[in-house]
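# Secondary and tertiary structure notes
Chain by chain, the residues run as shown.
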Amino acid sequence: MHATEFTTSAREEPDYRFAAVVAGLGTCLPRAEITNSWFADRLDTSDDWIRARTGIAARRRAGPDVSMTDLACAAADAALRSAGRTKVDALVLATTTPDRPCPAAAPEVAERIGQGGIPAFDVSAVCSGFLYAVATATGLLSAGLANSVLVTAAETYSRIVDPDDRSTAVLFGDGAGAVVLRRGHAWEQGALLGFDLGSDGASWDAIHVPGEREQPDGERWFTMRGRTVYLRAIERMTTSARKVMKDCAWGPDTIEALVAHQANARIIEAVAHRLGVPSEAALCEIALVGNTAAASIPLALADALDGGRLKPGFRTLLTAFGGGLTWGSAALTWPQVTPVRSEL
Ligand code: UT7
C-alpha cells in the first residue's frame, strides 16, 4: 500500500479490507414494447389504473426467438465492454425464469460470451436475486477464489405470467442487467461497503409458480398476493436498508441515490419516506420497463445514470424484496462507470 493511495479514499479513514468493486455495468432489453393500452384493449384494466397504482406505462417483451439466456449473454457481454475487460474469473447468474429446469444457465452464458471453463452457477432469489448474486460474488472475491466476477440478472416473466390475469400481467417486463465486480479495497469508489440479506420461508406462497405435484393438470402460472407483498416489501426493504445505513454510519439525509427494487412507484416512495431519504434521491425508473424482477436494480442503475439522476461519487443504497420471501440491501459510492446498453 502506498501512502499516496490514502488520499484517493472517499472515506475519512483508510480501510485495508478487500472488497468487491463495481467495474462495469451492462444491460439488454428486448425490442418489443408493450404499452398499457395494449392490455386495456384485451383485459378489464386501463392505462389510468396501471399508471396510478404502479407508475408503469410500458414494458418490454422478449419475442419467441429471444430466450432468457440470450438476454443474459447480451447484458453480460455489455458489462464486460463497460469494464474494458475480456476475461473474468467466475460468473453468477440470478434468474427465476430459466429456459429449462436443468442445468443452470450460467455455464452456457459463460461459454457463449467467451468465458468457457470458469466457475458459473445460477442463484434463485426472485426479485432479490441480483443482490444475492452480488453478495455471493463478494464472498468469492473476499475469499481469494476470484479476482473478478461477472454478476448477471436476466428474466423473462412474460413466459410465466398468465396473459389473461390483469393483477399480474400488467406488472412485469423482460430484461437483463449485469455488473463486473473486481477485487479491490473498501476505500475505493465503487466498493460494496455493507450487506444485509434475509428470508421468510413461512410466506413462500405469497409469490409462487406451482410445481407439477402441486398442480398436475393445466397451466401453471405465476401468482402473487399483491396487497400482502406490497406491505411486506415496504416493511422489509426499510428494515434491511436501515441496517446497512447503520453499518456504514450513513445518515438518511446523506443518501444521494436510493435504488430500490422497481416493483411499484408507490413502494419506492414509501420506503424512501420511512427511511427519511430525500425524495429526489429515491430513483424510480419503472415507467418504461415495469417490474423486471432480478434485473430491476442493474436496469434502474443504467437508466438513472443515462438520465443524470445517478452520478459518480453518489452515496448509493440498493435494496430489494421478492419471492421466497427474500430481501437484501447493499451500499456503495457510485464509481466512474458508464453503462453499455444493448437490445435484442
Ligand atoms: O416483484 C416482487 C415484489 N412485488 C411487489 O412488490 C408487488 C407488490 N404489490 C403491488 O405492487 C400492488 O399490490 C399491485 C400493483 C399488485 C396492486 O395494487 P393495489 O393498490 O395493492 O390494488 P389491490 O390489489 O388492493 O386491488 C385493488 C382493486 C381490486 O379490485 P376490488 O377488489 O377493489 O374490486 C383489484 O381486483 O384493483 C383491482 N385490480 C385491477 N384493476 C384494474 C387489480 N389489478 C388491476 C388492473 N386493472 N390491472
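Throughout what follows, the structure given in this document is the object of discussion.

Thresholds applied
- Residues numbered from 1 in each chain as written.
- Predicted model: local features only at pLDDT ≥ 70, side-chain atom pairs only at ≥ 80, totals over all residues.
- Heavy atoms only, no water.
- Helix = DSSP H or I, 4+ residues; strand = E, 2+ residues; numbered from the N terminus.
- Polar contact = N/O pair within 3.5 Å; in protein donor to acceptor, adjacent residues only side chain to side chain.
- Contact = heavy atoms within 4.5 Å.
- Near = heavy atom within 4 Å.
- Areas by Shrake-Rupley, 256 points an atom, 1.4 Å probe, with all protein chains shown as cover.
- Nonpolar A, V, L, I, M, F, W, Y, C, P; charged D, E, K, R; others polar.
- Axes fitted to C-alpha atoms, helices over the stretch in contact; angles between N-to-C directions.
- Parallel < 35°, antiparallel > 145°, perpendicular 65-115°, else oblique.
- Left-handed = near helix turned anticlockwise from the far one by under 90°.
- Pairing = 2+ DSSP bridges.
- Core = buried A, V, L, I, M, F, W, Y, C linked by side-chain atoms within 4.5 Å.
- Buried < 20%, exposed > 50% of the residue type's maximum accessible area, 1.4 Å probe, protein only.
- Right-handed = clockwise from strand over helix to strand, strands pointing away.

## Thoughts on the side chain of Asn36
- Within the secondary structure, Asn36 sits in helix α1 (residues 36-40).
- In terms of polar contacts, Asn36 uses its side chain to reach the side chain of Asp47, at 2.9 Å.
- Setting aside chain neighbours within four positions, we find Asn36 in contact with Asp47, Ile50, Arg51, Ile56, Ala57, Ala58 and Arg59.

## Quick word on the site of the ligand
- Taken together, 22 residues are adjacent to the ligand, and Thr45, Arg53, Arg227, Asn264 and Asn291 come closest.
- Between Arg266 and the ligand, the recorded distance is 2.8 Å, taken from a side-chain N or O atom to an oxygen atom.
- Asn291 places a polar side-chain atom, nitrogen or oxygen, 2.7 Å from an oxygen atom of the ligand.
- Coverage of the ligand by the protein chains reaches 74% of its 950 Å² of free accessible surface.
- Those elements giving two or more residues to the shell around the ligand turn out to be α2 (47-54), α6 (166-169), α7 (226-248) and α8 (265-275).
- The greatest single-element share of the shell around the ligand, amounting to 4 residues, is contributed by α7.
- Looking at the shell around the ligand residue by residue, the class counts come to 10 nonpolar, 7 polar and 5 charged.

## Regarding the packing of α7 against α8
- At a closest axis distance of 9 Å, the pairing of α7 and α8 adopts a crossing angle of 40°. Our classification of the angle between α7 and α8 gives oblique. The way α7 lies across α8 gives a crossing that is right-handed. Seen from α7, the contacting residues are Arg227, Tyr230, Ala233, Ile234, Glu235, Met237, Thr238, Ala241, Arg242 and Met245; seen from α8, they are Arg266, Ile267, Ala270, Val271, Arg274 and Leu275.

## Notes on the sheet that holds strand β12 (residues 315-322)
- Overall, mixed pairing links the 4 strands, which are arranged β8-β13-β12-β11 in an open sheet. Of all the strands in the sheet, the pair left with one neighbour each is β8 (192-199) and β11 (257-260). Across this sheet, the average inter-strand angle for adjacent strands is 10°, counted without regard to direction.
- Against the sheet, α7 contacts β8, β11, β12 and β13 (326-333), and its axis sits at roughly 145° relative to β12.

## Describing the nonpolar core
- In this structure, Tyr157, Leu258, Leu275 and Leu317 are the most contacted members of the largest nonpolar core, which totals 50 residues.
- Among the secondary structure elements, those contributing two or more residues to this core are β1 (18-29), α7, β11, α8, β12 and β13.
- Take this core: its biggest share by element is 9 residues, from α7.
- Those residues in contact with Leu258 that sit more than four places away from it in its chain are Val271, Ala272, Leu275, Val277, Ala281, Ala282, Leu283, Leu317 and Thr319.
- Val92, Leu181, Ile297 and Ala302 belong to the second-largest nonpolar core, a separate cluster that totals 45 residues.

## Digging into the sheet that holds strand β4 (residues 90-94)
- An order of β5-β4-β6-β7-β1-β14 is seen for the 6 strands of this open sheet, with the pairing classed as mixed. Across the chains shown, the open sheet's two edge strands, defined by having one partner strand only, are β5 (120-123) and β14 (340-343). On average, adjacent strands in this sheet sit at an angle of 25° to one another, irrespective of strand direction.
- The pairing of strand β6 (residues 148-155) with strand β7 (residues 175-185) spans 8 bridges and is classified as antiparallel. Bridge pairing in β7 links Val151 to Val179.
- The sheet strands contacting helix α3 (residues 68-83) are β1, β4, β6, β7 and β14, and the helix crosses β1 at an angle near 125°.

## Remarks on the pairing of β4
- Counting buried residues along β4, 5 of its 5 residues qualify, which places the element largely inside the surrounding structure.
- Alternating positions in β4 separate into two faces, Ala90, Val92 and Ala94 on one and Leu91 and Leu93 on the other, with burial throughout.
- One ladder, built from 5 bridges, connects β4 with β6; its direction is parallel. Across the sheet, residue Leu91 finds its bridge partner in β6, namely Leu150.
- A crossover links β4 with its parallel partner β5, the connecting element being helix α4 (residues 106-112), and its sense is right-handed.

## Some remarks on the side chain of Asp196
- Positionally, Asp196 belongs in strand β8.
- Among the polar contacts made by the side chain of Asp196, one reaches the side chain of Ser240 at a distance of 2.7 Å.

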